[in-house]
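# Working through the structure, step by step
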Amino acid sequence: MTFRGDGPLDTSGVSGSGGGGRIAIGGGVGIIVAIVAVLFGVNPGDILGGGGGSGSSVAGQSTSDQQIDNQIRSCTIAKANTDTICRIVATTNSLDRVWPTLIEGYVKPKTRIFAQSVTTDGCGTASSDVGPFYCPGDQTAYFDPTFFATLADRLGGSDAPLAQEYVVAHEFGHHVQNLMGTMDKAQRLGSAGPTSGSVRLELQADCYAGVWAYHADKGPDAMLEPLTQQQISDVIVTAKAIGDDTLSGNNDSEGWTHGSSAQRVRWFSTGYQSGDPRSCDTFSARSL
Ligand SMILES: [Zn+2]
C-alpha cells in the first residue's frame, strides 16, 4: 500500500477517451516515433523486436477508451492501492500537489490513459509498443496501463506500486522540463550517445521522479504513506531494468538515449536524497 487514507481523486486532468483507437497509416509514423522516442521512459518496441501488440491487451480483451474513461471516473484513493489505472490517476494528483511547491509557474499537464494506440495533438499517433511518453505539443503524459505488466514480466522491472508511480513521475518530469525550456536545450545536444541531450534529459526526468518521491510522503498534503526502504528498492529494480546497457545487452554507448542502469539509479537516488530539483542539473554534470 502506498496511498494513505481514502476519498475522491481529482480526475479532471485525466482522460481515457477521444482520439485513440486508430493507427495512422503512411509515411508520418516513422517520423513521429523518432520525435517522441526521445522522450520516452523506455521503448519496449526496440527490445521486444517490434513485435507489436505484446501486452497491449489484458487476458485477450481489448479495452475501449470509454471503458477506461469510466474506470478513471470511479477511482478513489483506496482503489489506487489495488488498481493500476487508479494508481496512475492518484500519482498525477500527488505530482500536481508537489511540483507547485518546488517551481514557479507550474501548470498541470494532462494525462491520457489509453489502450493499444493513441492520437496525440502534436506528436502524431503512437502505439502501446513505444511505452509511456510525454508529448510537449499537447502537454500530455500518455500511459497504456498494460505497459506495467510488460515492464515486470518481460523487462525485469518491478510491479510494486512505487515502481509504477516512478514511471508516472518520470513522465511528469518531462513536463517540468517542458515548462522550464529544458527540452529545447536537450534537442540541441543530440539524440543519442552517452553524453547526448537525450540521455541528460532522461536522467534528469529520473531525478525529478526522485524529487517527487522525497516530497510525496511529507507535509499535511502528503498523499503517500511514509515510504519504506523496500519501496525505494522496488524503484531501483525498475530503474536498473530500463537502462540502455541492460536493455541492449551490451555496453556500446553510442546508441544510448536514456543512460545506463547505474546512471538511472544514481539520478533517481540523487533526487530522492535531496528533494531539490536543483540537484538534478544533468546538463552541467561533469560525470553522469
Ligand atoms: Zn523519459
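Before reading further, recall that the structure is shown in the block above.
Residues numbered from 1 in each chain as written. Predicted model: local features only at pLDDT ≥ 70, side-chain atom pairs only at ≥ 80, totals over all residues.

Next up on the list: helix 9 (residues 229-241). With 13 residues, helix 9 should cover 18 Å at 1.5 Å per step; its first-to-last C-alpha distance of 18 Å lies within 8% of that length. Buried within helix 9 we find Gln-231, Asp-234, Val-235, Thr-238, Ala-239 and Ala-241. Down the axis of helix 9, the buried side of the element spans an arc of 165 degrees, and every buried residue falls inside it. Relative to its buried face, helix 9 has exposed residues pointing more than 90 degrees away, namely Gln-229 and Gln-230. Check the buried side of helix 9 and you find it contacts helix 5 (147-153), helix 6 (161-180), helix 8 (197-216), helix 10 (244-248) and helix 11 (261-274). (Helix = DSSP H or I, 4+ residues; strand = E, 2+ residues; numbered from the N terminus. Expected span 1.5 Å × (residues − 1). Buried ≥ 20, exposed ≤ 12 C-beta atoms within 10 Å, placed from the backbone. Arc of directions from axis to C-beta. Contact = placed C-beta atoms within 7 Å.)

The next thing to look at is the packing of helix 6 against helix 9. Viewed as axis vectors pointing N to C, helix 6 and helix 9 meet at an angle of 55 degrees, and their least axial separation amounts to 7 Å. With respect to their mutual orientation, helix 6 and helix 9 come out oblique. For the pair helix 6 and helix 9, the crossing hand works out as right-handed. Across from Leu-162, Ala-163 and Tyr-166 in helix 6, the residues of helix 9 making contact are Gln-231, Asp-234, Val-235, Val-237 and Thr-238. For the contact of helix 6 with helix 9, a count of residues per class yields five nonpolar, two polar and one charged. (Axes fitted to C-alpha atoms, helices over the stretch in contact; angles between N-to-C directions. Parallel < 35°, antiparallel > 145°, perpendicular 65-115°, else oblique. Left-handed = near helix turned anticlockwise from the far one by under 90°. Nonpolar A, V, L, I, M, F, W, Y, C, P; charged D, E, K, R; others polar.)

Moving on, we come to the sheet that holds strand 2 (residues 110-113). Spatially, 1-2-6-5 is the arrangement adopted by the four strands of the open sheet, whose pairing is mixed. Sheet topology places strand 1 (14-15) and strand 5 (133-135) at the edges, where each strand pairs with a single neighbour. Relative to strand 2, strand 1 is paired through two bridges, and the arrangement is parallel. Bridge pairing links Ser-15 to Arg-112 in strand 2. Seen against the sheet, helix 4 (residues 84-98) touches strand 1, strand 2 and strand 6 (140-143) and runs at an angle of roughly 175 degrees to strand 2. (Pairing = 2+ DSSP bridges.)

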